[in-house]
Protein chains: 2
Amino acid sequence: MATIQDVAKEAGVSVATVSRVINGSSKVSPKARKAVLDAIRQLNYQPNLLGRNLRLMQTKMALVLLPTISNPFYSMIVKGMEDVAHKNGYNVMLCNTNSDVSREKVYLELMKNRLADGVIFLASEMSEEELSQIAMRFPVVQCCEYKEEARASHVSIDNKAAAYMAVKHLIKQGHRKIGLISCENSFISTKQREEGYKIALEEEGILVDLSLIKHGDYGFRSGIRAMNQFFIENNVPTAVFCISDSMAIGAIKSIWAKGLKVPKDIAVMGFDDINFASMYSPGLTTIAQPQYDLGCVSMELLLKVIGGEIIEPQTIYLEHELIIRESTLG
Amino acid sequence: MATIQDVAKEAGVSVATVSRVINGSSKVSPKARKAVLDAIRQLNYQPNLLGRNLRLMQTKMALVLLPTISNPFYSMIVKGMEDVAHKNGYNVMLCNTNSDVSREKVYLELMKNRLADGVIFLASEMSEEELSQIAMRFPVVQCCEYKEEARASHVSIDNKAAAYMAVKHLIKQGHRKIGLISCENSFISTKQREEGYKIALEEEGILVDLSLIKHGDYGFRSGIRAMNQFFIENNVPTAVFCISDSMAIGAIKSIWAKGLKVPKDIAVMGFDDINFASMYSPGLTTIAQPQYDLGCVSMELLLKVIGGEIIEPQTIYLEHELIIRESTLG
DNA sequence: TTGTATGCGTTATCAC
DNA sequence: GTGATAACGCATACAA
């Protein structure tokens, strides 16, 4: 494999000149430039970035930690991150953590070992303390999920306002007995969506009934189980707000199994607007997050932190949107 | 940031000894080892892999190029690749190509620039010629999709046999007029699934009727459109075999829109067994690929190619499975 | 068992 | 404009 030395020799110039041609860093005579370019082509030279990165002490690589690539919700977010990164000469390294702290830490080693310039977390399992520690020493941005107390920037929607809007929509359809299928986790979005649900009810003078709040794990099956609970307890709401689309689809399956119809007997709404929400029958009413923009803004922020333009942690909220489909229109 | 020099000074030994302790490469006296370990802890030292990689001319990093992370089909494959990679001290770099050749090439530059030791392609858009060129110079494995003529290893199922099995199942259910919703692309899997479809029909003495073959793009909407074609042309089969689950779900939606039932009026089967296939109502009959194993075997193969254990291109087929659910049982 | 010295491929500083 | 050369952090051949 040809090195910059070989190119210099072939072109009859010094390595410094070759480097200057490659990086356009300063003036080079047309004659020397041509000689270098010819030599590069001749030798099929590819710069070895290991050398450059070592010298520059940077890798133009950004880590993106996500719990799973099988959640379609992340796909557009990642696209946004990649587009912004590429526009700025950066590459993105996607890392599947499986919501496993130890796996997160393995990947973070890559940054600690200078193989990446910064990291974006999409739902970390680490403690606020650990996150703050890392953010003190390296460029860190949190996207969608975040730790409130961590001293690190974050970009997300206002989950409380979004859940509030969702429940208000159900109330407007005439529902008073509204169930919630939430999750038992420590995600800030969960906490905030529950808050939004409660505030919307209280504002209408509806008492928050804890027996109408069930829990799943975001997944389809857990949505079935949670909805079944209502039937088992013989305490069935006329509308159910699920904090994920997959659970909402599970809830619908459970409702059908009882011979009931959606939305005629029970209205169901989800959260996230995954692709499948519109593919389903009935189309699923849900809250759409600006996924692509969340990705773009997160990466822009990270690049600024890497560049040293931003020192203090930033908080950025983007707009969400209520998408009304058949599952709540009855 | 502390370097190996700092550690050496702190421990009162040479950098060589520190390096030896870190890599366990040769004998070090217990006393020196302890001094080094203490110094490392003291200084919170993290080796800079840029230096090591440059010196060793390897990165312990594998590139995985996939057309999109939003296709749930890839998720378990990637998991398998990651598990094997991690077990062998390797990291995986997921790269979203969006089925864009230029994007593929950008990522391949990372390998050409020595930032990765090898690459696994999941559905490349490059020509066989280009692929062969790259495989000549770098470790390359193709997973699931592959170019027949490319001189590079590949791991996949036997798509022809799988499609054959699928259509045979429909025939066994009593169907004779069986439609195919395929894709207009150059993927080998497409070609082979079409072949399997034809062979299964011919074997039963059923003439292959080209008007019963429609095309989509793997996606849900294209499944609707393709199925609609049958209705528009007033040439409706009693069973439809779709080469992707998403198209199958689209086909079902189209059938429902005509007031017909699945499988009572028309049986539908898919391919891939994505998670959603079992979540849907009716559950979708489909062909399951051993996704996790495909990933594992591909990565094992790549590591062997990187290690120089394998020189000649290998071809490995894994077993598929027919998953029978309600969408064809009527 | 340990230390010295060299080089991996690149960029940047300086002197010319 | 150009070239010689010193880093960047690490691993290792060789010498001791």
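The rules behind the values
- Per chain, residue numbering runs from 1 following the sequence as it is written.
- The order in which chains are written sets their letters, starting at A; the order in which ligands are written sets their numbers, starting at 1.
- For a predicted model such as this one, the threshold for reporting local features is a pLDDT of at least 70, and the threshold for listing and counting side-chain atom pairs is 80 or more; totals across whole chains, interfaces and linings nevertheless cover every residue.
- Only heavy atoms go into the side-chain values, all of them from the structure, while hydrogens and water stay out.
- Any carboxyl oxygen of Asp or Glu that lies within 4 Å of a side-chain nitrogen of Lys or Arg is treated as forming a salt bridge with it.
- Strands are runs of DSSP state E lasting at least 2 residues, helices are runs of H or I lasting at least 4, and numbering of each runs from the N terminus.
- Categorising residues by exposure relies on relative accessible area from a 1.4 Å probe, with only protein chains included: less than 20% of the type maximum marks a residue as buried, more than 50% marks it as exposed, and the intermediate range marks it as partly exposed.
- We place the copies in one frame by least squares, fitting the C-alpha atoms of every residue whose pLDDT is at least 70 in both.
- Definitions used throughout: a 1 Å grid over protein atoms alone; a cavity as a set of points that fits a 1.4 Å probe which cannot get out; a pocket as an open set with protein on both sides within 12 Å along at least five of seven lines; a lining residue as one with an atom within 4 Å of a point.
- Grid points are joined across faces, edges and corners, and a volume is the space filled by probe spheres set on the points.
- As a working rule, the residues Ala, Val, Leu, Ile, Met, Phe, Trp, Tyr, Cys and Pro are called nonpolar, Asp, Glu, Lys and Arg charged, and the rest polar, with Gly in that last group.
- By definition in these notes, contact holds between two residues if any of their heavy atoms fall within 4.5 Å.
- Under the rule applied, a polar contact is a pair of N or O atoms within 3.5 Å (in protein, one hydrogen donor and one hydrogen acceptor; residues adjacent in sequence only if both atoms are side-chain atoms).
- One bridge is not enough; two strands pair if DSSP finds at least two bridges between them.
- Look down the strands so they point away from you; if going from the first strand over the helix to the second traces a clockwise path, that crossover is right-handed.

Caption draft 1: Highlighting the pattern of salt bridges. Under the definition given, this model contains 29 salt bridges over all chains. Across the pair Arg103(B) and Glu82(A) runs a salt bridge whose closest N-O atoms are separated by 3.1 Å. You can see Arg103(B) sitting in helix 6 (residues 101-112) and its partner Glu82(A) sitting in helix 5 (residues 73-87), one on each of two chains. Across the pair, Glu82(A) and Arg103(B) agree in class, each one buried. Residue Glu312(B) pairs with Arg151(B) through a salt bridge whose shortest N-O separation is 3.6 Å. Placement of Glu312(B) in the loop between helix 13 (291-306) and strand 11 (315-318) and of Arg151(B) in the loop between strand 4 (140-143) and strand 5 (153-157) is noted, with a sequence separation of 161 residues between them.

Caption draft 2: Seen up close, unusual backbone geometry. The linkage connecting Val262(A) with the following residue, Pro263(A), adopts the cis geometry, with an omega of 5°. Positionally, Pro263(A) belongs in the loop between helix 11 (245-257) and strand 9 (267-269). Pro282(B) follows Ser281(B) through a cis peptide bond whose omega is -5°. Relative to the elements of secondary structure, Pro282(B) occurs in the loop between helix 12 (275-279) and strand 10 (286-288). Despite not being glycine, Arg114(B) has its phi angle at roughly 70°, a positive value.

Caption draft 3: Structural view of the relation of the copies chain B and chain A. When chain B is fitted onto chain A, the two copies agree to an RMSD of 0.2 Å after a turn of 180° and an axial shift of 0.1 Å. Put plainly, the chains are arranged around a two-fold axis.

Caption draft 4: Here's a closer look at the layout of surface pockets. Residues and elements named next belong to chain A. For the second largest pocket, the calculated volume is near 500 Å³. Lining the second largest pocket are 18 residues, and of these Ile-4, Tyr-45, Asn-48, Gly-51 and Arg-52 sit closest to its centre. Elements with a contribution of two residues or more to the lining of the second largest pocket: helix 2 (15-23) and helix 4 (49-56). For the lining of the second largest pocket, the leading source of residues is helix 2, giving 5 residues. Grouping the amino acids of the lining of the second largest pocket by side-chain chemistry returns 10 nonpolar, 5 polar and 3 charged.

Caption draft 5: Inspection of the interface of chain B and chain A at higher detail. Chain B puts 50 residues into the contact, and the matching count from chain A is 50 residues. Here chain B and chain A share 4 salt bridges between them. Residue Arg103(A) is joined to Asp83(B) by a salt bridge in which the shortest nitrogen-to-oxygen separation is 3.3 Å. Summed over the shared surface of chain B and chain A, the number is 22 residue pairs in polar contact (both at pLDDT 80 or more). Among the elements of the structure, helix 4 (49-56), helix 5 (73-87), strand 2 (91-96), helix 6, helix 10 (220-232), helix 11 (245-257) and helix 12 of chain B are those that each provide at least two residues to the side of chain B that touches chain A. Counting residues per element, the side of chain B that touches chain A draws most heavily on helix 5 of chain B, which supplies 7 residues. The class makeup of the residues in the side of chain B that touches chain A is 25 nonpolar, 15 polar and 10 charged.

Caption draft 6: Layout of the pairing of strand 4 (residues 140-143) of chain A. Residue and element names in this part refer to chain A. Where burial is concerned, the two faces of strand 4 agree: the one with Val-140 and Gln-142 and the one with Val-141 and Cys-143 are both buried. Relative to strand 4, strand 3 (residues 118-121) runs parallel, the two being bridged by 3 bridges. Among the inter-strand pairings, Phe-121 is bridged to a residue of strand 4, identified as Gln-142. Taken together, strand 3, helix 7 (residues 128-137) and strand 4 form a β-α-β motif whose crossover is right-handed. Looking at chain direction, strand 4 and strand 5 (residues 153-157) are connected through 3 bridges and run parallel. The partner of Cys-143 across the bridge, within strand 5, is Val-155.

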